[in-house]
Amino acid sequence: MPQIELSAGPVDYQDTGGDGPVLVFGHGLPMDGKQWRKVVPLLPGYRCVLPTLPMGGHRRPMRPDADLSQPGMALLLGEFIERLGLDDVTLVLNDWGGGQFLISEGRAERIGRLVLVACEAFDNFPPGAAKAMVPLVKIPGGARLALRLMVLSNRTKGGYGAMSRRGIPKELMDEWVAPATRDKDVRRDFVKFATGAPDRKTLLAYSERLRDFDRPVLVVWAADDKLMPREHGPRLAELYPRGRLVEMADSSTLVPEDRPERLVEVMTEFLAETGVTPV
């Protein structure tokens, strides 16, 4: 897997290559690009780039002084895009919504359009039941326990088990939590990000800055989502001057897991409508 050295440390990434339009995919905590494993093969003719951001599923720890807060992670994503020389990028987010902070931080010049799929928005950072994890990971031994609880909750209808109507495969969930479970420095990075959301007032102020993003935005919202409030979908689409909303039936947060074919269909329609065609 290719790797690039950024200011925070080494970042692994996948890159399908080619001369097609560039799609950069974000992922959730503590996931990686495999969150999109059902989607990317359905996008021939596009260059799909999937960084493994340091949210706990990464295998190489960041520097001890790295800023891995929500805004810091967004700026790291922006640095990744810049260092690879990518322009007119379609940024695709699911679960993690912090990539939008590139707009509020004034660093979205390389972003040509957004696809926001059932992701954190407004003051929903972190979402739902994940808020209860924040005080837990701050105490000694709490991060290990939180990772264990993630695995256990994936077997139920709560926590990670609520993120997909189809269920996250056990082996994939085990793979995602393994790096932070076994490496104390990766676990440190995980804690930084998990506890790095701004306060509610700041989050809502950041949201208002999104009104200045004048490029196309597709908002895809899951009808059966327990983590991302249903009203956030239309509210987010209305916030962006060129936003549009598609509701996804029979899906929870992880739309790429539950409805990959339908997601690709609405994405490619949106891309074609905004002048982006595969090579």
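Note that the coordinates shown come from a computational prediction; the quantities given were computed from them, not determined experimentally.

(A) Geometry of the packing of helix α4 (residues 142–153) against helix α6 (residues 184–194). As a packed pair, α4 and α6 sit with axes 10 Å apart at the nearest point and diverge in direction by 80 degrees. By the angle between their directions, the pair α4 and α6 is classed as roughly perpendicular. Residues Ala143, Arg144, Leu147 and Met150 of α4 touch α6, and the partners they reach there are Arg187, Phe190 and Val191.

(B) A look at unusual backbone geometry. Between Leu29 and the following residue, Pro30, the backbone shows a cis peptide bond with an omega angle of -5 degrees. Looking at the element boundaries, Pro30 is found in the loop between β3 (22–25) and β4 (47–51). Following Phe125, the chain continues into Pro126 via a peptide bond in cis, with omega recorded as -15 degrees. Along the polypeptide, Pro126 turns up in the loop between β6 (111–119) and α3 (133–137).

(C) Focus on empty space enclosed by the protein. Applying the stated rule across the entire model yields 3 cavities of 30 Å³ or more. Roughly 80 Å³ of volume is contained in the largest cavity. As for the largest cavity, its lining consists of Gln100, Phe101, Ser104, Ala121, Phe122, Phe125, Leu203, Tyr206, Ser207, Leu210 and Leu236. Within the residue set of the lining of the largest cavity, elements represented by two or more residues are α2 (101–104) and α7 (200–209).

(D) The packing of aromatic side chains, seen in detail. On inspection of all chains with the given rule, the structure shows 6 aromatic pairs. Look at Tyr13 and Phe80: their rings are 5.3 Å apart centre to centre, the planes differ by 70 degrees, and that puts the pair in the edge-to-face class. Residue Tyr13 is located in strand β2 (residues 9–15), and its partner Phe80 is located in helix α1 (residues 70–83); the two are separated by 67 residues in the primary sequence. Under the relative-accessibility criterion, Tyr13 is labelled buried at 11%. Considering the side-chain rings of Phe213 and Tyr240, the 6.1 Å spacing of their centres and the 80 degrees angle between planes classify their relative orientation as edge-to-face. With a gap of 27 residues between them, Phe213 in the loop between α7 and β7 (217–222) and Tyr240 in the loop between α8 (232–239) and β8 (243–248) connect regions that are remote in the sequence. Each member of the pair, Phe213 as well as Tyr240, is classed as buried. Taken together, the ring pairs in this structure connect Phe101, Phe125 and Tyr206 into an aromatic cluster. A cation sits over an aromatic face here: Arg235 above Phe122, 3.7 Å from the ring centre.

(E) Examining the sheet that holds β8 more closely. The strand order across the open sheet formed by 8 strands is β1-β2-β4-β3-β5-β6-β7-β8, and the pairing between neighbours is mixed. Both outer strands of the open sheet, β1 (3–6) and β8, are each paired with one neighbouring strand and no more. The sheet shows a mean angle of 25 degrees between the axes of neighbouring strands, direction not considered. Across 4 bridges, β6 lies against β7 in parallel orientation. Counted as the bridge partner of Leu116 is Val219 from β7. Sheet strands in contact with α1 are β1, β2, β3, β4, β5 (89–95) and β6, and its direction is about 120 degrees off that of β1.

(F) Layout of the pairing of β5. The element β5 is largely enclosed, with a buried count of 7 among its 7 residues. Pairing analysis gives 3 bridges linking β3 to β5, with the strands arranged parallel. The residue bridging Val24 from the neighbouring strand is Leu91, located in β5. As defined by bridge partners, β5 adjoins β6 across 7 bridges and the pair is classed as parallel. Bridging across to β6, Leu93 finds its partner in Leu116.

(G) Inspection of the layout of surface pockets at higher detail. Here the largest pocket defines a volume of roughly 440 Å³. Taken together, 24 residues form the lining of the largest pocket, with Leu29, Ala130, Met133, Met150 and Tyr160 sitting closest to its centre. Put simply, the parts of the chain that give the lining of the largest pocket at least two residues each are α3, α4 and α6. Split into classes, the residues belonging to the lining of the largest pocket amount to 18 nonpolar, 4 polar and 2 charged. Every residue along the wall of the second largest pocket is listed here: Lys157, Gly161, Ala162, Ser164, Arg165, Asp224, Lys226 and Ser252. Along the lines of polarity and charge, the residues of the lining of the second largest pocket split into 1 nonpolar, 3 polar and 4 charged.

Reading the values: rules and limits
Residues numbered from 1 in each chain as written. Predicted model: local features only at pLDDT ≥ 70, side-chain atom pairs only at ≥ 80, totals over all residues. Heavy atoms only, no water. Axes fitted to C-alpha atoms, helices over the stretch in contact; angles between N-to-C directions. Helix = DSSP H or I, 4+ residues; strand = E, 2+ residues; numbered from the N terminus. Parallel < 35°, antiparallel > 145°, perpendicular 65-115°, else oblique. Contact = heavy atoms within 4.5 Å. 1 Å grid on protein atoms, 1.4 Å probe; cavity = no way out; pocket = protein on both sides within 12 Å on 5 of 7 lines; lining within 4 Å. Points joined across faces, edges and corners; volume = space filled by probe spheres on them. Phe/Tyr/Trp six-rings, centres within 6.5 Å; stacked < 30°, edge-to-face > 60°. Buried < 20%, exposed > 50% of the residue type's maximum accessible area, 1.4 Å probe, protein only. Lys NZ or Arg CZ within 6 Å of the ring centre and 35° of its normal. Pairing = 2+ DSSP bridges. Nonpolar A, V, L, I, M, F, W, Y, C, P; charged D, E, K, R; others polar.

Geometric descriptors of this kind do not, in isolation, establish any biological role.
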